[in-house]
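# Secondary and tertiary structure notes
Below are the chains, spelled out letter by letter.
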Amino acid sequence: MNRREFTAAILAGSAALPFGITRAVGQTRGGTLNTIIQPEPPVLVTALNQQQPTLTLGGKIYESLLKYGPDLKPMPGMAKSWEISPDGLTYTFKLFEGITFHDGKPMTSEDVVFSCMQVLTQTHPRARNNFARVASAEAPDPLTVVFKLKQPFAPFLGCFDCTSAPILPKHVYEGTDFRKNPMNDKAIGTGPFKLKEWVRGSHVHLVRHDGYYLKDQPYLDEIIYRVIPDAASRALALENGTVQLVQWSDIEFFDVTRFKKQANLEYTTNGYEYFAPHQWLEMNNRIAPMNDKRFRQAVMHLIDRDALNKRVYFGNAKIATGPISSKTRFYDGNVKKYEYSLDKAKALLDEMGLKPGANGKRAEIKYVVPPYGEVYQRAGEFFRQSFSRVGIDLVLVGTDMAGWAEKVGNWDYEMTQNLLYQLGDPALGVSRTYISTNIKKGILFSNTQGYSNPEVDRLFEEAAVALDEKKRQELYTKVQQILVEDVPVAWTLELEYPIFYDKSLKNVVTTAIGSHETFGVVHKS
Amino acid sequence: MRGARSAAAIGLAAITWAVRLVAVILVIATFNFILVRAAPGDPAQVMAGQSGAADPKILEDLRKEYGLDQPYLVQLGTHLKRVLSFDLGYSYRQRRPVLDLIMERLPATLLLTLTAFCLALLVGTTLGALAGLAAGSVVDTLFTVLSLLLYATPVFWLGLMLVLVFSVTLGWLPAFGYETINAKLTPIERVFDIGKHMIMPVVSLAAIYLAIYARLMRSSIIEVAHQDFIKTARAKGLAGPRIVVGHMLRNALVPVVTVAGMQAGALVGGAVVIETVFAWPGLGRLTFDAVLQRDYPVLLGIFLILSIIVIVLNLATDLVYRLIDPRMTTGAA
């Protein structure tokens, strides 16, 4: 980081609006937001569980130091400003004054240090990886937090959204077994909403945190998250106005077109920039014929990804060009293109010697269908047809969530479909799928396909610690080119989940984490 | 002297029954344990995977916390010991005692299933009896077609259609949930509110059982109507209604009670679909989620509770037999 960037970082920290990106004008206080939570989270403490519904709900209860705009640039969260030392090793955060927990006790820098270094490093695998890079964390005064890193880590400033580094009360958790602390049921955070009631299987009722530190916020009086397990019932609830907001996969993709026409609803695909769900056909690189690069390249040619998007995902996606999503930083679309061409796919298969046998078949491959709903089943059918056109039999194998996790985590599969979040920066959410140090048996969402390339390892490592943005871009451009040539996985689509909300609601999507955001600025017109 | 002997006999019978009950529960608990573990999948892996960035240390910690690092037999021993002390354990996924989780959901499921059960039994047997008594008539044909229709209708489809008609189109009934959330109601109003929410789920769940009982009762009535004792009753000059109520119904009910007793347990299983469609906060949904997540303590706890319910229902069936058919009482024949 040069001096100019250093100054810019300080300015960004101190000048950004403390109310989120849209300062609400003429907003009204009061009102209830009814929405959906699906599936029901096991706990509300985001430090203990990081499933998507836990983050949606916990995002209202727990906050962190920063927020991220749609461009993934940091904005104030509980930290009103921040500084990065020129050597990129020291990060100093200044907190807002007057922040209190839901039990009325003040939130200080001690709570931040305790949460990040003691709780999250034990209970939050993603945060554990991030804070493992911290040599020391100090609280020199109640409103200042200083993190000193062991070595520079470029995306460190991207590790402080409310889903990655939620702050917990030290006075509640210190000296206890964090996972079994009875106060977990109370979910005490600093967010604009606090837990009033959780009737399991029915609903979670959040109410306004009156002691919230930002003036007038939150505007809503309460949010009710209803547990509605059935997709058709959820669609009905949106249709008849029982709920005014749906997010992620609350609504099936095939229903999106219908709801886009519903007059009282706003539709957006914004608010997923931080997660940038990236999907691919995963191939176990250890097993023939997937261990041959030409086979994997052939797979890129034989899938008509445009048709996949239109027929299976009903147009709710963009075609992925490589390992980094177009919504994530350092994306470079200038890579080798794999157009849909059965001839090219066949030529590559012939070249590697995988020629059709007497029955016209080249190979039989087992495809484990991910158990995440009908759309995955339909995608499996689509792939089966695609592969059959070049003489490959794709045998679909059904399983449930635990069975899938075991098969993929233990490398006991040939092909499957996978989806990972990119988390705003390739060093946080992309490299984990391709670096050889992350080939860890038993661990889901690691480099499960077993791809290994020392050059890719080196480039990802260098890019993670480089402070110069241009240098990082160069390194990531190079790594994208190599990966797209090697095709460790066959990237298919960047999913664009919808958010539908009633037009009376304002400021629903203001940051890169969309519906996971605190909702302090959401109001009714 | 005779009273003391009979009291002793009852006491002995009660002790025998209790010992048998404990033995049955232990066998069921062991079988459940083996069954649950036979399914592929590792709860630690599911949990670690959901966090998106697990490492072997986290996985190891979770397995230790779950007790999954212990040998299989030790885990089984711990489970049986807990069952005997009625300690259902702790759900590491939900971070709460299993008993609490079950007790929160059990009332909603019992309310739903018992109401559906009573409705199915009452309406089913009445319709079946009416059809049986008027065998071959238009009424019989009508009831037969109706029960076949109900029997053939998928539960989830019926549920959704009811929602479409009574909730979306007519707006008479709430589409889902157990009660109106966040409503400030008096206790009486709350009872009516819950009742209103119950109508569609109960009807959907009862439909198929109603059809079964109606069919069964119809054929049973027809069969009993041709028995000699009915002819005798008629020959004696007894009035029609008295023959029906006093002789026919009582005898015709035996097979219905047998099937109903067997199906009471299945009713809870069938509630999973209805609880999903109507977002009913019951045990069925908790079971389904626990299976997906391989939440072993919750699954084993639910299975145990359901086993006990089935055992109790079987006992109740036995008692009902004795009430409707005195021949089944020991020593009465």
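Just so you know, these numbers come straight off a predicted model, no measurement behind them. (Residues numbered from 1 in each chain as written. Chains lettered and ligands numbered in written order. Predicted model: local features only at pLDDT ≥ 70, side-chain atom pairs only at ≥ 80, totals over all residues. Heavy atoms only, no water.)

Now for the interface of chain B and chain A. On the chain A side, the residues contacting the 43 residues of chain B number 47 residues. Roughly 4,100 Å² is buried in total at the junction of chain B and chain A, and carbon and sulfur atoms are behind 57% of that figure. Broken down residue by residue, the surface that chain B buries against chain A is led by Q45(B), F176(B) and I181(B), which jointly contribute 17%. Where D185(A) meets R96(B), a salt bridge forms, and the shortest distance between an N and an O atom there is 3.7 Å. At the junction of chain B with chain A, the criterion picks out five residue pairs in polar contact (both at pLDDT 80 or more). Of the residues in the side of chain B that touches chain A, the class split is 21 nonpolar, 10 polar and 12 charged. (Contact = heavy atoms within 4.5 Å. Buried area = accessible area lost by both parts, 1.4 Å probe. Salt bridge = Lys/Arg side-chain N within 4 Å of Asp/Glu carboxyl O. Polar contact = N/O pair within 3.5 Å; in protein donor to acceptor, adjacent residues only side chain to side chain. Nonpolar A, V, L, I, M, F, W, Y, C, P; charged D, E, K, R; others polar.)

Residues and elements named next belong to chain A. A sheet is described by the order of its strands in space; here six strands give the open sequence β14-β18-β13-β17-β15-β16, paired in mixed fashion. The strands lining the two open edges of the sheet, one partner per strand, are β14 (317-319) and β16 (392-397). Averaged over neighbouring strand pairs, the angle between their axes works out to 30° when direction is ignored. Strand direction decides the pairing type here: strand β15 (residues 363-368) and strand β17 (residues 415-420), joined by two bridges, are parallel. By the bridge assignment, Y367 is partnered in β17 with M415. Sheet strands in contact with helix α9 (residues 305-312) are β14 and β18 (489-495), and its direction is about 45° off that of β18. Of the strands in this sheet, β13 (278-283), β15, β16, β17 and β18 are in contact with helix α11 (residues 374-388), which crosses β16 at around 160°. (Pairing = 2+ DSSP bridges. Helix = DSSP H or I, 4+ residues; strand = E, 2+ residues; numbered from the N terminus. Axes fitted to C-alpha atoms, helices over the stretch in contact; angles between N-to-C directions.)

Now for the pattern of salt bridges. Tallying each qualifying case throughout the model produces 37 salt bridges over all chains. The residue R200(A) makes a salt bridge to E104(B) at a minimum N-O spacing of 3.9 Å. With R200(A) in the loop between β8 (193-199) and β9 (203-208) and E104(B) in helix α5 (residues 98-133), this pair bridges two chains. For R200(A), a relative accessible area of 7% translates into the label buried. When the shortest N-O distance is used, the salt bridge between D289(B) and R285(B) registers 3.5 Å. Taken together, the residues D289(B) and R285(B), both in helix α11 (residues 283-293) and four residues apart, mark about one turn of the helix. Taken together, the shared-partner salt bridges in this structure form one network comprising D185(A), R200(A), R96(B) and E104(B). (Buried < 20%, exposed > 50% of the residue type's maximum accessible area, 1.4 Å probe, protein only.)

Here we take up helix α8 (residues 293-302) of chain A. Residues and elements named next belong to chain A. Within α8, eight of the 10 residues are buried, leaving the element largely enclosed by the surrounding structure. If you check which residues of α8 are buried, you get F295, R296, Q297, A298, V299, M300, H301 and L302. At the N-terminal boundary of α8, the capping side chain belongs to D292, with an oxygen 2.8 Å from the backbone nitrogen of R294.

In the numbering used here, UniProt assigns the feature "domain: Solute-binding protein family" (unreviewed entry) to residues 73-420 of chain A. In residues 73-420 of chain A, helix accounts for 27% and strand for 23%; the two terminal C-alpha atoms are 21 Å from one another. (UniProt positions renumbered as here; feature names shortened; annotations may be inferred.)

All names here are of chain A. Note on placement: E282 falls in strand β13. Within the buried core, E282 has no salt-bridge partner, and the shortest N-O distance to an opposite charge, that of R286, equals 7.2 Å. In this structure the side chain of E282 is engaged in a polar contact, spanning 3.1 Å, whose partner is the side chain of W280. (Lys, Arg positive; Asp, Glu negative; His and termini not counted.)

Residue and element names in this part refer to chain A. Burial analysis of helix α12 (residues 401-409) places seven of its nine residues in the buried class, the great majority of the element. Among all positions in α12, only M401, A402, G403, W404, A405, V408 and G409 are buried. Where α12 begins, the capping side chain belongs to D400, and its oxygen is found 3.0 Å from the backbone nitrogen of G403. Of the residues trailing α12, W411 is marked for its positive phi of about 65°.

With that settled, consider the domain arrangement of chain A. Interface extent is often summarised as the accessible area lost during association of the parts. Residues and elements named next belong to chain A. Looking at chain A, the domain boundaries give domain 1 (3-61 + 191-272 + 498-524), domain 2 (66-173) and domain 3 (278-495). Placing the centre of domain 1 and that of domain 3 at their C-alpha centroids yields a distance of 32 Å. Contacts between the two partners involve seven residues from domain 1 and, on the opposite side, nine residues from domain 3. Both sides together, the interface formed by domain 1 and domain 3 hides about 790 Å², and carbon and sulfur atoms give 60% of it. Joining domain 1 to domain 3, the criterion identifies zero salt bridges. For the side of domain 1 that touches domain 3, the element with the most residues is helix α7 (residues 253-260), which contributes three residues. When the residues that make up the side of domain 1 that touches domain 3 are grouped by side-chain class, the tally is five nonpolar, one polar and one charged. (Domains from an automatic or database assignment.)

All names here are of chain B. Per the UniProt record, the feature "transmembrane region" (unreviewed entry) sits at residues 6-35, 102-123, 129-151, 158-178, 198-216, 252-278 and 298-321. Helix makes up 83% of residues 129-151 and strand 0%, with an end-to-end C-alpha separation of 17 Å. Annotation note: span residues 298-321, helix share 100%, strand share 0%, distance between end C-alpha atoms 34 Å.

Adjacent strands of a sheet pair through backbone hydrogen bonds, lying either parallel or antiparallel. Residue and element names in this part refer to chain A. Taken in spatial order, the four strands of this open sheet run β4-β5-β7-β6, and their pairing is antiparallel. Edge strands, defined here as strands with exactly one partner in the open sheet, are β4 (79-84) and β6 (134-141). For this sheet, the mean angle separating the axes of adjacent strands, direction not counted, is 15°. As paired elements, β4 and strand β5 (residues 90-95) share five bridges and run antiparallel to each other. Across the sheet, I84 pairs through a bridge with Y91, a residue of β5. Contacts from helix α3 (residues 109-123) reach β5, β6 and β7 (144-149), with the element oriented near 165° to β6.

Residue and element names in this part refer to chain A. Across the six residues that make up β7, a large majority, five, are buried. Pairing of β5 with β7, which is carried by five bridges, proceeds in the antiparallel orientation. In the sheet register, T92 faces β7, and the bridge partner there is V146. In terms of strand pairing, β6 meets β7 through five bridges, oriented antiparallel. Of the residues in β7, the one forming a bridge with E138 is V146. Turn length for the β6-β7 hairpin, with the two strands adjacent in sequence and antiparallel, is two residues.

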